[in-house]
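Fold and geometry: a report
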Amino acid sequence: MKHLLLGFAALALSGCFGEEDRIYTVDELMADEALLAKIISECRNNPGALRQTPNCQNAEAAEWRIRLRLPRKSSGG
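Chains are numbered independently. Their residues run from 1 in the order of the written sequence. Reporting of local features is limited, given that this is a predicted model, to residues whose pLDDT is at least 70; pairs of side-chain atoms are given and counted only at 80 or more, and all residues count toward the totals for whole chains, interfaces and linings. Side-chain numbers come from the whole structure's heavy atoms, not from hydrogens or water.

Under an unreviewed UniProt entry, the chain has the name EexN family lipoprotein and belongs to Rhizobium leguminosarum.

Next comes the structure, spelled out in structure tokens:
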């Protein structure tokens, strides 16, 4: 009986960890701008809880790298 309950608990908890808990690399986020925008938005909406998470840090790095690669627009002057 004890093992059966432990098995059910393990099975129930295994469903809690899915795609949302995946840690994306900077390169993956640079390649998928929709995913990058989603993660950046979530991180900025809840910085106290999410700022130090790997996905938020990787998203900030990816956004920074994308900005550096884009040519700067002249001010017209």
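**Concerning the side chain of Asn-55**
The line we're drawing: Only DSSP runs of H or I with at least four residues qualify as helices, and only runs of E with at least two residues qualify as strands; both kinds are numbered from the N terminus onward. Burial status follows relative accessibility: with a 1.4 Å probe on protein chains alone, a residue under 20% of its type maximum counts as buried, one over 50% as exposed, and anything between as partly exposed.
For Asn-55, the position within the fold is in helix 5 (residues 54-69). Residue classification places Asn-55 among the buried positions, given a relative accessible area of 14%.

**Things to note about helix 5**
Under the convention used in this document: What a helix is expected to span follows from its residue count: subtract one and scale by 1.5 Å. Arc, as used here, means the arc of the directions from the helix axis to the C-beta atoms. We call two residues contacting when some pair of their heavy atoms lies within 4.5 Å.
Over its 16 residues, helix 5 extends 23 Å from the first C-alpha to the last, a length consistent with the 22 Å expected when each residue adds 1.5 Å. When we look at burial in helix 5, the residues that qualify are Asn-55, Cys-56, Ala-59, Ala-62, Glu-63 and Ile-66. On an axial view of helix 5, the arc spanned by its buried residues comes to 125°, and they lie on one face. Exposed positions of helix 5 whose direction lies more than 90 degrees from the buried face are Trp-64 and Leu-68. Next to the buried residues of helix 5 lie helix 2 (26-31), helix 3 (33-45) and helix 4 (47-50).

**A closer look at the state of the cysteines**
For clarity, the threshold we go by: A pair of sulfur atoms, both from cysteines and within 2.5 Å, is called a disulfide here.
Summed over the entire model, instances satisfying the criterion amount to one disulfide. Note that Cys-43 is cross-linked by a disulfide to Cys-56, the S-S spacing being 1.8 Å. Its S-S torsion of approximately -90° makes the covalent link between Cys-43 and Cys-56 left-handed. Placement of Cys-43 in helix 3 and of Cys-56 in helix 5 is noted, with a sequence separation of 13 residues between them. Its relative accessible area of 4% is what places Cys-56 among the buried residues.

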